[in-house]
Protein chains: 2
Amino acid sequence: MSAPPPRVNGMRCFLEPSSVAVVGASHNTMKFGHFLMRNLVELGFEGKVYPVNPNTEDILGLKTYPNINHIPHDVDLAVIIVPAEQVLQVMRDCSQKHVKGVVICSSGFREAGGEGIKREEAVIEIAEKAGIRVLGPNTTGIVNASNNFTTSFIPLPKLRKGSVAFIAQTGLFAAAAFWWILTAQPFDLTKVIGLGNKSDVDDAEALEYLAQDEETKVIAIYMEGIKDGPRFFKAAQEVVKSKPIIVVKSGRSESGKNASRSHTGSLAVRDEIFDAVCKQTGIIRVREFEDLTDLAKVFALQPLPAGNRVGIASITGAGCVMAADECAEQGMEIARLSTGTLDKLRSYVPSWATVANPFDTEPLFESVGPESAVTLALESMLEDENVDCAIFVLATSPVFKFDINNVISDVLKKYPKKPVVSHIIGPKDLVDYYVHQLEGIKIPVYPSIKRGVSALAALYKYRMTQKRAARD
Amino acid sequence: MSAPPPRVNGMRCFLEPSSVAVVGASHNTMKFGHFLMRNLVELGFEGKVYPVNPNTEDILGLKTYPNINHIPHDVDLAVIIVPAEQVLQVMRDCSQKHVKGVVICSSGFREAGGEGIKREEAVIEIAEKAGIRVLGPNTTGIVNASNNFTTSFIPLPKLRKGSVAFIAQTGLFAAAAFWWILTAQPFDLTKVIGLGNKSDVDDAEALEYLAQDEETKVIAIYMEGIKDGPRFFKAAQEVVKSKPIIVVKSGRSESGKNASRSHTGSLAVRDEIFDAVCKQTGIIRVREFEDLTDLAKVFALQPLPAGNRVGIASITGAGCVMAADECAEQGMEIARLSTGTLDKLRSYVPSWATVANPFDTEPLFESVGPESAVTLALESMLEDENVDCAIFVLATSPVFKFDINNVISDVLKKYPKKPVVSHIIGPKDLVDYYVHQLEGIKIPVYPSIKRGVSALAALYKYRMTQKRAARD
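This one's a predicted model, so the numbers in the text were calculated from it and none came from an experiment.

### Some remarks on the relation of the copies chain A and chain B
Each copy of the sequence occupies a distinct position, and chain A is placed on chain B by a rotation of 180° and an axial shift of 0.0 Å, giving an RMSD of 0.0 Å. Taken together, the rotation and translation relating the two chain copies correspond to the operation of a two-fold axis. Closest approach to the rotation axis within chain A is made by the C-alpha atom of Pro447 of chain A, at a distance of 5.4 Å.

### A look at the sheet that holds strand β7 (residues 133-135) of chain B
Residue and element names in this part refer to chain B. In spatial order, the strands read β2-β1-β5-β6-β7; together these 5 strands make up an open sheet with parallel pairing. Strands with a single pairing partner mark the edges of an open sheet, and in this sheet they are β2 (48-52) and β7. Neighbouring strand axes in the sheet, compared pairwise and without regard to direction, differ in orientation by 20° on average. The pairing of strand β1 (residues 19-23) with strand β5 (residues 77-80) spans 4 bridges and is parallel. Counterpart to Val20 in the pairing with β5 is Leu77.

### Quick word on helix α12 (residues 339-346) of chain B
All names here are of chain B. Residues of α12 that are buried: Thr341, Leu342 and Leu345. With its buried residues spanning 95° around the axis, α12 presents them on a single face. The elements touched by buried residues of α12 are β17 (359-360), α13 (362-368) and α14 (370-383).

### As for the packing of aromatic side chains
Using the criterion set out here, one finds 20 aromatic pairs over all chains in the structure. When the ring of Phe45 of chain A is compared with that of Phe149 of chain A, the centres are 4.9 Å apart and the planes differ by 55°; the resulting orientation is tilted. Taken as a pair, Phe45 of chain A in the loop between α2 (32-43) and β2 (48-52) and Phe149 of chain A in strand β9 (residues 149-150) lie far apart in primary sequence, 104 residues in all. For the pair Phe45 of chain A and Phe149 of chain A, one class covers both residues: buried. With a centroid separation of 5.1 Å and an interplanar angle of 75°, the aromatic rings of Tyr433 of chain B and Tyr434 of chain B are classed as edge-to-face.

### Comments concerning unusual backbone geometry
All names here are of chain A. Cis peptide bonds are those with omega within 30 degrees of zero, and the linkage from Gly136 to Pro137 qualifies with -5°. Note on placement: Pro137 falls in the loop between β7 (133-135) and β8 (142-144). Phi at Asn148 is positive, roughly 60°, even though this residue is not glycine. Within the fold, Asn148 resides in the loop between β8 and β9. For Lys198, which is not a glycine, the phi torsion comes out positive at approximately 55°. Owing to a relative accessible area of 4%, Lys198 belongs among the buried residues under this scheme.

### Thoughts on the interface of chain A and chain B
With 67 residues of chain A at the contact, the number on the chain B side is 67 residues. Here chain A and chain B share an interface that buries about 5300 Å² over both sides, 68% of which is from carbon and sulfur atoms. On the chain A side of the contact with chain B, Val321, Trp352 and Ile425 of chain A bury the most area, a combined 11% of that side's loss. Measuring nitrogen to oxygen at the nearest pair gives 3.3 Å for the salt bridge that ties Glu326 of chain A to Arg252 of chain B. On inspection of chain A and its partner chain B, the count reaches 22 residue pairs in polar contact (both at pLDDT 80 or more). Counting only elements with at least two residues in the side of chain A that touches chain B, the list comes to α2, α5 (172-184), α8 (254-264), α10 (289-301), α11 (317-329), α13 (362-368), α16 (428-440) and α17 (449-471) of chain A. Broken down by element, the side of chain A that touches chain B gets its largest block of residues, 10 residues, from α11 of chain A. Here the side of chain A that touches chain B is built from residues that sort into 33 nonpolar, 20 polar and 14 charged.

Quick notes on the rules
- Residues numbered from 1 in each chain as written.
- Chains lettered and ligands numbered in written order.
- Predicted model: local features only at pLDDT ≥ 70, side-chain atom pairs only at ≥ 80, totals over all residues.
- Heavy atoms only, no water.
- Least-squares fit on C-alpha atoms with pLDDT ≥ 70 in both.
- Pairing = 2+ DSSP bridges.
- Helix = DSSP H or I, 4+ residues; strand = E, 2+ residues; numbered from the N terminus.
- Axes fitted to C-alpha atoms, helices over the stretch in contact; angles between N-to-C directions.
- Buried < 20%, exposed > 50% of the residue type's maximum accessible area, 1.4 Å probe, protein only.
- Arc of directions from axis to C-beta.
- Contact = heavy atoms within 4.5 Å.
- Phe/Tyr/Trp six-rings, centres within 6.5 Å; stacked < 30°, edge-to-face > 60°.
- Buried area = accessible area lost by both parts, 1.4 Å probe.
- Salt bridge = Lys/Arg side-chain N within 4 Å of Asp/Glu carboxyl O.
- Polar contact = N/O pair within 3.5 Å; in protein donor to acceptor, adjacent residues only side chain to side chain.
- Nonpolar A, V, L, I, M, F, W, Y, C, P; charged D, E, K, R; others polar.

Here it is in structure tokens:
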């Protein structure tokens with residue numbers, strides 16, 4: 001194996017440091033510098049942690065130093081969480097200490113305008129002279145589920161290793177989004193890289209790091225501005241060959257651009273151009289965070305389909321109609337079921353019932369009961385050579401409740417190359433029950449049929465992107 | 001008060017019957033005819049209920065008759081839940097009994113094609129001769145929270161009186177949707193009218209009934225086909241003057257139309273035309289059921305704004321940017337805050353923080369703590385004469401948890417004419433906690449900023465529709 005490119009190595013200190021100094025660590029439980037320390041200790045990061053604070057000797061059982069230069073060991077990374085006015089002095093200390101990188105959590109830089117802009121320029125000047133890489137400022141920085149390392153000052157739960165990486169140009173939002181994913185989504189994150197103001201490290205570099213990271217299978221990005229468009233898109237072009245990239249870019253409108261300027265001091269980019277280049281590159285651009293998690297979920301849980309022919313099975317007739325509309329509107333084909341499949345299904349339903357795709361499973365429920373109906377409908381779709389993927393629309397009521405996994409997990413195992421998604425509606429407790437069951441066997445469930453079909457469409461489009469990339 | 005129009009009277013037997021025969025009632029707990037009886041008894045319908053079944057003498061403690069004509073009292077409404085082949089005979093019995101209306105729950109009619117079409121025609125022939133109104137066939141029919149009457153054969157929970165009526169051209173879906181609303185939404189339904197195949201009663205007539213129903217404030221419709229377009233739109237034009245109408249119409253695409261044909265035997269309507277007439281009439285057309293509940297929620301809980309100027313307060317900078325984009329893209333203006341508001345907010349935040357609309361409340365959190373920050377941000381927005389409505393974007397983490405209602409309900413009471421919506425992200429249990437709190441004081445919370453802004457935009461657009469209607 002050849003050595004990874006230098007820029008990947010440049011990112012290592014942020015994600016895989018062996019020793020970390022926390023400048024601004026605190027034992028005051030109201031301070032961010034305290035939460036940051038608690039995260040490092042409680043999540044179980046195995047590298048060395050050196051708190052730095054002139055007013056105390058011990059934080060959470062760790063020997064504390066008055067200045068980073070008093071630490072009698074090498075330090076890979078300094079995490080800086082002191083008021084903005086003190087950051088330049090800390091940078092000079094870091095420069096003397098020869099750290100490889102700094103994560104600057106503090107805000108009060110470019111995003112604040114005026115003095116803040118000058119302060120950020122001064123930070124970069126020191127960093128460049130000393131050969132220090134900078135993540136931030138104005139960021140919660142890193143969460144790495146692979147080694148339990150974090151620079152986040154928002155309390156985090158125990159990390160679970162996942163396959164989705166998240167690059168975010170925002171601190172608090174990334175942290176809240178991280179919590180949401182961890183507690184409400186059936187997929188897990190492998191790495192979060194909060195870029196903040198992108199004074200040095202930017203999306204392109206983060207992307208290059210994630211490209212070579214074996215644990216990362218899917219890359220989700222929230223960005224407001226773009227620092228170096230050509231570099232970002234060049235990196236993305238390579239990455240999409242093997243990993244889907246899903247992007248929310250805000251600051252689309254003039255008002256959004258203005259708001260972004262005081263959030264991360266972002267450089268504006270013309271939205272039509274960004275959009276066009278995403279399409280050309282094969283980056284999946286979505287409108288908002290809800291879409292981002294919808295797609296990350298399907299990419300994390302399901303395979304890519306060979307084509308766009310959808311099998312639709314629905315317990316309600318309305319579900320059949322709505323799913324057919326959504327397929328038509330989202331570039332998916334309603335699969336033409338083979339004669340064999342149609343005949344098989346016909347043999348189970350009353351003579352008056354229509355057998356077609358979409359397939360209304362209600363008559364089947366009456367003839368063979370819910371368990372067999374679900375299995376039969378799903379298996380008939382998946383075994384059909386004319387079907388590439390399926391959506392299963394469920395409606396539930398207190399009449400019946402069954403162990404859906406028992407019923408369909410064997411069927412699903414037989415067709416590992418055909419993605420399946422689901423939608424369910426009914427009493428909330430039952431919906432929650434089935435969502436938990438289905439997502440437990442990796443079938444993503446969506447709160448609307450539209451979102452379910454969008455997920456299948458994204459898998460298909462990405463498959464086409466990969467094919468095109470392989471040809472080029 | 002003048003007498004209601006005859007067609008409204010024609011609908012009364014379906015929603016406000018004083019005596020009901022259930023033909024096909026059963027004590028077999030596996031049969032729909034049993035669930036239907038259970039609903040009537042357990043929900044506490046106060047009218048007379050007469051089960052009809054030749055094989056038993058008693059169902060759930062009620063004397064059971066072998067034929068509707070053996071009932072020694074007048075019967076307003078017959079609910080028919082027998083196999084399709086037996087429906088014509090039951091219709092003849094009903095004709096002899098002089099019932100005012102029948103709800104035909106059975107399927108196997110127009111939606112089944114062939115014989116089914118003829119069967120439906122025969123039903124209507126009998127009904128017309130006998131002056132019987134028909135709801136269905138192929139429907140779960142009525143749920144009326146005002147008098148606890150239902151013809152639904154899907155088990156229902158105890159009804160709560162609400163303000164949103166739901167007209168649905170589908171049975172199972174309406175039932176599942178009803179359950180979802182009742183268990184997962186902060187608003188309640190007043191009436192559900194399931195139209196099924198619309199062999200007689202259609203959307204227009206249902207709309208006319210709901211127009212004069214005092215408990216109905218908002219009308220939500222799921223439809224696939226339209227029976228009498230001009231009549232429907234004429235009725236709608238009147239209704240929108242006082243009550244918003246939100247419509248999902250599926251069967252938009254060719255595939256959707258095909259699926260609809262075998263679902264409810266609907267007549268196709270050109271989608272562009274339907275869409276254009278909705279716009280002209282002021283009907284709010286949305287794509288899918290999730291949008292329908294999103295908007296029903298805001299109309300049920302919030303007032304209409306005087307204009308489209310939005311105040312945006314967000315705990316995260318990213319929330320500011322995303323909300324600004326959504327406002328710009330959805331026809332809402334970012335309010336220009338008055339000098340007084342800006343000065344007031346400036347007096348509370350550190351000098352480096354930007355004060356503008358969108359307003360990033362994070363610096364305020366640090367200076368005055370979360371409770372005061374939320375109150376101050378929200379009140380400053382709402383008291384500003386340049387603000388018509390507000391969105392409040394929250395991000396939560398385990399660092400703080402407070403009783404948000406205590407904090408803001410007094411503020412909200414001061415500005416009863418300015419709608420407020422919210423979005424929140426963070427750990428699921430905390431998100432659920434705040435959603436429960438906020439929706440408890442009637443602030444609708446949305447899972448995305450886009451959906452929150454869409455809700456405000458719908459309120460504003462409907463306000464414009466009302467103004468236009470008042471001028472005409």
